[in-house]
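The primary structure of each chain is shown beneath.
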Amino acid sequence: MSDAVDYLHAYAVRAICKARRMPIGKSKRLQRAVGRVYLLLTKEAAVAPNVDHLDDFRTARHVEKSIATLPESGSAMPVIQKLP
């Protein structure tokens, strides 16, 4: 199941690099948090390979996509919904 580890690690690196390019603000903090979630999922997948972390991965992807639609000056938080 090392493919899952490599896959999640690639998402983590991409999310963290994206956060580094963003201007200082709420969106940057949220993007860094998403990167940390991906890193934690990578560690979880490396220790105990199973499919339980897929729901967390899908939720993190949903939050990351909603960060792109946040207004820069607004204080709107992305709505995190439970995915089926």
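Above this note sits the structure.
Residues numbered from 1 in each chain as written. Predicted model: local features only at pLDDT ≥ 70, side-chain atom pairs only at ≥ 80, totals over all residues. Heavy atoms only, no water.

J.: Can you help me understand the nonpolar core in this one?
T.: Where a protein is soluble and globular, its nonpolar side chains tend to be buried together. Formed by 15 residues in total, the largest nonpolar core has its most connected members in Leu8, Val34, Tyr38, Phe57 and Ile67. Looking at this core, the elements with two or more residues in it are helix H1 (2-21), helix H2 (26-47) and helix H3 (53-67). Filtering out sequence-adjacent residues up to four positions away, Tyr38 remains in contact with Leu8, Tyr11, Ala12, Ala15, Phe57, Ala60, Arg61 and Glu64. (Core = buried A, V, L, I, M, F, W, Y, C linked by side-chain atoms within 4.5 Å. Buried < 20%, exposed > 50% of the residue type's maximum accessible area, 1.4 Å probe, protein only. Helix = DSSP H or I, 4+ residues; strand = E, 2+ residues; numbered from the N terminus. Contact = heavy atoms within 4.5 Å.)

J.: Sorry if this is basic, but what is going on with H3 here?
T.: Since the α-helix turns once every 3.6 residues, residues separated by three or four places project in the same direction. Helix length check: H3, at 15 residues, gives a terminal C-alpha distance of 21 Å against a target of 21 Å (1.5 Å per residue), a fit within 8%. Among the residues of H3, those classed as buried are His53, Phe57, Ala60, Val63, Glu64, Ser66 and Ile67. (Expected span 1.5 Å × (residues − 1).)

J.: I tried to follow the pattern of salt bridges on my own but got confused; where do I start?
T.: Side chains bearing opposite charge may pair, as long as their charged atoms lie close to each other. Inspection of every chain in the model, using the stated rule, returns two salt bridges. As a salt-bridge pair, Arg14 and Glu64 come within 3.2 Å of each other at their nearest N and O atoms. Of this pair, Arg14 sits in helix H1 while Glu64 is found in helix H3, placing the two residues 50 residues apart along the sequence. Ionic pairing is found between Glu64 and Arg61, a salt bridge with its closest N-O pair at 3.8 Å. Of the two residues, Glu64 and Arg61 both sit in helix H3, three residues apart, roughly one turn of that helix. (Salt bridge = Lys/Arg side-chain N within 4 Å of Asp/Glu carboxyl O.)

J.: I'm lost on the packing of aromatic side chains in this one. Help?
T.: By convention here, two paired aromatic rings are described through the distance between centres and the angle between planes. Counting across every chain of the model gives five aromatic pairs. Here the aromatic rings of Tyr11 and Tyr38 are separated by 5.6 Å at their centres, their planes lie at 50°, and the arrangement is tilted. Placement of the pair is Tyr11 in helix H1 and Tyr38 in helix H2, with a sequence separation of 27 residues. Judged by centre distance (5.9 Å) and plane angle (45°), the ring pair of Tyr38 and Phe57 falls under tilted. In this pair, Tyr38 is assigned in helix H2 and Phe57 in helix H3, connecting sequence segments 19 residues apart. Taken as a pair, Tyr38 and Phe57 share a single burial class, namely buried. (Phe/Tyr/Trp six-rings, centres within 6.5 Å; stacked < 30°, edge-to-face > 60°.)

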